[in-house]
Amino acid sequence: NCCTIDWFSEWPQEALQSVAASFLQDMGELEIEDEAIEGLKQICVNIHQGVTDKSVEFLAELSRHNYVTPTAYLELLSIFSKLANIKKQELKTARDRTKTGLTKLLSTAEDVAKMEEELKNMQPLLEEAAQETATTMEKIAVDSVVAEETKVSVEKEEAEASVKAAKAQEISEDAQRDLDEALPALEAALSSLRSLNKNDVIEVRAMSRPPQGVRMVIEAVCIMKGIKAKKVAGDKPGQKIDDYWDNGKLMLSDPAKFLDSLFSYDRDNIPDDVIKKIQPYIDNDEFLPSAIAKVSKACTSLCQWVRAMHKYHFVAKAVAPKRAALAAANEELAESQRILDEAKAKLYEVQEGIATLQAKLEECTNKKADLEAKTTECQQRLIRADKLIGGLGDEKDRWQLSVATLEEKMKNFVGNVMIAAGYVAYLGIFTGKYRADLLHMWSEQLVLFNVPHTDDLGLLDTMGDPVKIRAWQIAGLPKDNLSTENGVIVQYSQRWSLFIDPQGQANKWVKSMEKDAQLEVFKLSDKEFLRSLENSIRFGKPCLMENVLEELDPALEPILLKQTFKQQGSLVIRLGDSVIPYHEDFRFYITTKLPNPHYTPEISTKVTLVNFTLSPSGLEDQLLARVVAEERPDLEDAKNQLIVSNAKMKAELKEIEDKILERLSSSEGNPVDDVDLIKTLEASKVKSKEIKEKVVVAEQTEKEIDETRSLYIPVAVRTQILFFCTTDLANVDPMYQYSLEWFINLFLSGIANAERAETVDQRIVNINNYFTFSLYINVCRSLFEKHKLMFAFLLAIRIMTNDGLIDPGEWRYFISGGTSRGEEVENPAPEWLSDRAWGECITLSALPAFAEIAKDFHNHVDGYKAIFDSTEPHRVALPGAWDEQLTMFQKLLVLKSLRADKVTNGMQDFVAANLGQKFIEPQTTDLAAVFKDSSPTTPLIFVLSAGTDPASDLNKFAEEMRMSKKFNSISLGQGQGPVAEALMRSAIERGRWVFFQNCHLAPSWMPSLERNIEQIDPDKVHRDFRLWLTSMPSAKFPVAVLQNSSKMTVEPPKGIKANLIKSYLGISDELLNSCGEKTHDFKSLLLSLCLFHGCLVERRKFGPLGFNIPYEYTDGDLRICMSQLKMFLMEYEIIPYKVLTYTAGHINYGGRVTDDWDRRCMMSILGDFYRPEVLNTDHHFSESGIYYQISTDNDHNGYLSYIRSLPINDTPEIFGLHDNANITFAQNETFSVLASIVQLQPKTAAAGGQSPEEIIEETAISILERVPHPMDAAAVLAQYPVMYEESMNTVLVQEIIRYNKLLAVIHSSLVNLRKALKGLVVLSEQLEKLSNSLFINQVPDMWAGKAYPSLKPLAAWVTDLIARVDFLKHWVQHGIPPAFWISGFFFPQAFLTGTLQNFARKNVISIDTISFGFEVLKESKEELVERPESGCYIYGLFIEGCRWGVEEHRLIESRPKELYTEMAVMWLRPVADRVTPSEGIYLCPIYKTLTRAGTLSTTGHS
């Protein structure tokens, strides 16, 4: 085809980590360590994956879908970034402002003490300053004369010192010029020495026969260093000459030390004899650096050094006198300078003294002026400081604590904000329990990864604004935690919110909150909804789109995704085909009334789903307010006024505090000097004090009111329990929808109508009792019979659970069985107590209250057997101490273990004991009562069951209400929608009734119906208009219509008693007495006929035991029979029983019957009710005498009184059935009721254990190992060839072929399934269905299609199949068996035909003339070793409803609680032209399964 599958894959953990790392690295404002950043990254991943896992649990437990997509993850990171900025700025601003205010307040307190001391000391200082000024002026005059004299002396000394300094400078320059001649050579020599290294010196020392130049240099250096020469022999005999080479080499032995000695040589004190010795070398032309450079680099530098030392000696010698003169001049100059400095110091000291005195004078003058000004200023500041400290004294401690708290939060806010971001991004759709679980999980993650956080991690603690939340609550937001969290999620979510709002809480809140902002409200069904949306976007108004379903209009996508863009500098958005301006103030809210909508991932990613389903605590608050408003309106009014005024006053206090802090933090300098601040503070403090006093009084008043209100809490709690009992019913049937508004109205009606009392406690009891029953009656009107007991029982259990009277573990055991077994104990009575029942007792003993019941059982076997055998086991006392130890509910658990078929009876007694007998009495629907509760805007809905039609009842009611001529009816279906709309519009205007039948057949038109109903204007609709609807239960029926309508179920009543009541409620005294002289006969036969009708209707509950086909008999059948009864009685003198029997049995009721056996049964029953004996007043319709003919003197009320005295539960005897017939029905009814109750319980997802794939794989392997492979049909055919004389060979081969086909399908499909589970082949639709069937222990359709009829579950079916194949294998291996297992044949019709064929061929008789005769044998199948001469022996038949008496050798009554028994071996004996015996036999049909339906015995086809 043309489709492309877009597979959605989850992001792997690495991708999630990478994205988180990228986001977090860009967030410099976090200011946390790298370890915490790493932890945050991992927490982001864990939050996402944790919500994914929780969503699976959410679906498993509450059947609610939640899709966790990458979009949500990106939003988590985006919201975290946004919230982190908001929170950091908020904390920083609050901290800085409070800290600044506190600092200034504390500094002001310190300043006050200083100012007081200052003021005290200021007065004497003023006098002292004046005296000091005069003294200073005198001192200045004296010191000025001294200063002048000193100045003259200093100037003279300064001139002399200048002359001496010039002379010293001249001497110094002359000496320096001489030195400058020698210094370059010296520096060059030292520089050359520095260029030498250790190796250069070693090289010279290593010379064994040094050149003359080297010797000269070494000799010169030795002379300079004072090293003596060795005397060695000269060239001439006896001549001794100086040789410096050996000592020179020794001098060079340590190169570093040698070079250092040259650098440190004392050149200023070279001895004259050294200079004398060195002079010849200096004069020698060969002792020039240029000459020496030719033989050695090192010696060149040494030569330079020697010549430099020589030159320096003579320069230094010439400079020495000049230096001595310079030293003397400098000494004289220094003495002059010292004298000059002393004079200058003295002058400076005098001048400084004068300046100081002048400054002091000025200071004293200023000081005096300042002291006078400061005294005044200080007095003013003290006054202002007193006001500031007095005004803010109370705040100091609180601000100090606040600053410390804010500092702590500043360090640790990151973890809290991450949790808040997780809340906003993911948790809107979850209920309170799941939010708490996830919060706990995330909190542990913060600790694990060392992410900074505080203890108050909740969304409200982190991001909730108390003032804003209070404003929301005043606007109608429920006060429970969940709803408040929802408000914060809406506030910070980046997507528009879609509220799941079945009770209209969010709708009401949004409308109230945005009322002043001119909220636009519209529905998707409105024709102009896009126009309304456009106006809101243009003008920045909020808008609310109500009652959406699971699909949203594609035109909304740009709005939901906020796809704005800039056009000509303005922000715009596309809506439909047009581009419109986008106002920043625009807000969009969406609500749905669907209680559990399934939004696809595409929608989930565009909106924030917020679960506003009512919580118990939120409802309790509302109900308490309602009941107090009704009972004590004065209290509730006062309470509401206090809430509003308290909120307003606290907001004002916050505003005042913020204003003060802002002024303090923004004021420059000392706050004491801010006159405006002090004035503002004074005014604020007065107002603040006034408000605080009012708040204290208001809170005390509120406390007193709350104490009085708390007396009515039991009513709120009970009513809340009842509400959730009612709303949970939608899990059982989609038509069971009830709105909060409907419930509240009923509640208020209950309060008004409940009996008054002297005390509040008694009044509460009266309200609770009245409303519980009132709700039960109203809800029962719209419940099917099978759910009424369940609802009453649920009410009782929930009420008692709230009172702590029901143990949760025992309740779970009751509705769904035990999960663990107690100590294993051997069955003490296997002869009557089945293994299943004993297993239940063992499991029961795992509960604490029943720990000893299994062990104690053998002590009271007779007592338990009495319960087991009783017809009313639920009323038999338990043996031993158990009857006193156990509560009534705990006794139900024992009853369920022993007699599950009587649990519903026990439940009835339980309800009667705890709620009252009236809760189990039949509740019939009275159209007049329902009509009374209706209005033109409230539809009336008939919820149909199969085979029911309320049209005739409604027509009759319309006649009573004189509306028959203003009544229009239409049956909905294809093309009828426009006709129905036109009829409805006309009826609204003209005040007619319209009746739309079979709404379930027009699911596509249901949204239009909902729109039309919503558009009914209460002010314009005609007061006589009513809309009547009928529908079978359908999930497509609009929830909003169901919630706001009057519903009635239409079905046959449950039980003979309820049927009789319904029948007689439609009869009047006029009809009873309408036959004149034959009134006695008419009344008697009418009661008999109504009983017959009840019997027929109620026999259906027994399944195939009642009728093979469950016929839908209606009240119409009864009414026509009643008319005929009256007519025939009036026309015939003698009662025409034959005519009555024929018309009723073959025409009116019999017209529906298609099965001959059912017709035979019905006619037999009718014969018991249409016969002369029923005219006798003492005639009993049942053996027990419970149902009998009453005196015809009774009027209509007398008959109703008699009927109401009948038992609620029917005994099988009235139907002509054995007591056992009730067991199967009663067990099924028990399990059906318990299954319905289970649907109302919150599911729990199983943890651990095998996965479905593992279970399927294990089951497949087990079946493959156990089920044999196909047999070799060819070999069997060779062993048992087709023979004219033996048709059984053909039967065998045909059976093997049939079984082989089945076995082949089983093996091939299981092999393929295992491959598919491993991913080796594609999992086709057939294989998927196969896997689902294996998982739920059901025979797969692909096997059943190739198999024989069977009702067994998969495990038993496989065992049965193996037994059947073994039967055939035994036949193949050991020959034709003496007796045949008739149930083991795939196609038993072929076997029976083969048997007849063998007889026909043997006796050469036409097979058409042969039929079977039947003989029941006394022998068992094991005793039969040979086949009969003709025909065959068969076994494997079962009898239901009776048993074969072996000793009596006939059919006899079943044993108690024995539902079916195995039939003895029968001999099917072929007989030609057989005549059926007229007596001594029971003509009994045979069916392949208990359903008693399927294929015909002749052809095997349907």
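Described in the following lines is the structure provided in the data block. (Residues numbered from 1 in each chain as written. Predicted model: local features only at pLDDT ≥ 70, side-chain atom pairs only at ≥ 80, totals over all residues. Heavy atoms only, no water.)

**Concerning the overall build of the chain**
When you go through the chain residue by residue, the secondary structure sums to 52 helices and 23 strands. Taking 35 Å as the expected radius of gyration for a compact globule of 1502 residues, we find that the chain reaches 57 Å, considerably beyond that expectation. Along the first, second and third principal axes, the C-alpha set of the chain runs to 185 × 105 × 75 Å. Here the chain holds 1502 residues, and 48% of them are scored as buried. (Helix = DSSP H or I, 4+ residues; strand = E, 2+ residues; numbered from the N terminus. Rg over C-alpha atoms; globule rule 2.2 N^0.38 Å. Buried < 20%, exposed > 50% of the residue type's maximum accessible area, 1.4 Å probe, protein only.)

**Focus on the sheet that holds strand β4 (residues 520-523)**
Adjacent strands of a sheet pair through backbone hydrogen bonds, lying either parallel or antiparallel. Here 5 strands make up an open sheet; going across it, the order is β4-β5-β9-β3-β10 and the pairing parallel. Edge positions in the open sheet fall to β4 and β10 (608-611), since each of these has one partner strand only. Neighbour-to-neighbour, the strand axes of this sheet turn through a mean angle of 25 degrees, independent of strand direction. Where β4 meets strand β5 (residues 542-546), 4 bridges bridge the pair, whose relative direction is parallel. (Pairing = 2+ DSSP bridges. Axes fitted to C-alpha atoms, helices over the stretch in contact; angles between N-to-C directions.)

**Points about the environment of Tyr-712**
Relative to the assigned elements, Tyr-712 resides in the loop between α21 (675-709) and α22 (713-728). Those residues in contact with Tyr-712 that lie beyond four places of it in its chain are Leu-624, Val-627, Val-628, Glu-631, Arg-632, Val-760 and Ile-764. (Contact = heavy atoms within 4.5 Å.)

**Thoughts on the state of the cysteines**
Disulfides are covalent bonds that link the sulfur atoms of two cysteine residues. Throughout the structure, instances matching the rule amount to 0 disulfides. Here Cys-1075 is not cross-linked by a disulfide; its sulfur's nearest cysteine counterpart is in Cys-1090, at 13 Å. (Disulfide = S-S within 2.5 Å.)

**Section: helix α43 (residues 1156-1169)**
Between its first and last C-alpha, α43 extends 20 Å over 14 residues, near the 20 Å set by a 1.5 Å rise per residue. Residues of α43 that are buried: Asp-1158, Met-1162, Met-1163, Ile-1165, Leu-1166 and Phe-1169. Around the axis of α43, the buried residues are gathered within 165 degrees of arc, so they sit on the same side. By the N-cap criterion, in which a side-chain oxygen at the helix start approaches the backbone nitrogen of a residue two or three places on, α43 is capped by Asp-1155, the distance to Trp-1157 being 2.8 Å. (Expected span 1.5 Å × (residues − 1). Arc of directions from axis to C-beta. Polar contact = N/O pair within 3.5 Å; in protein donor to acceptor, adjacent residues only side chain to side chain.)

Function-wise, these values are silent; they only describe arrangement.
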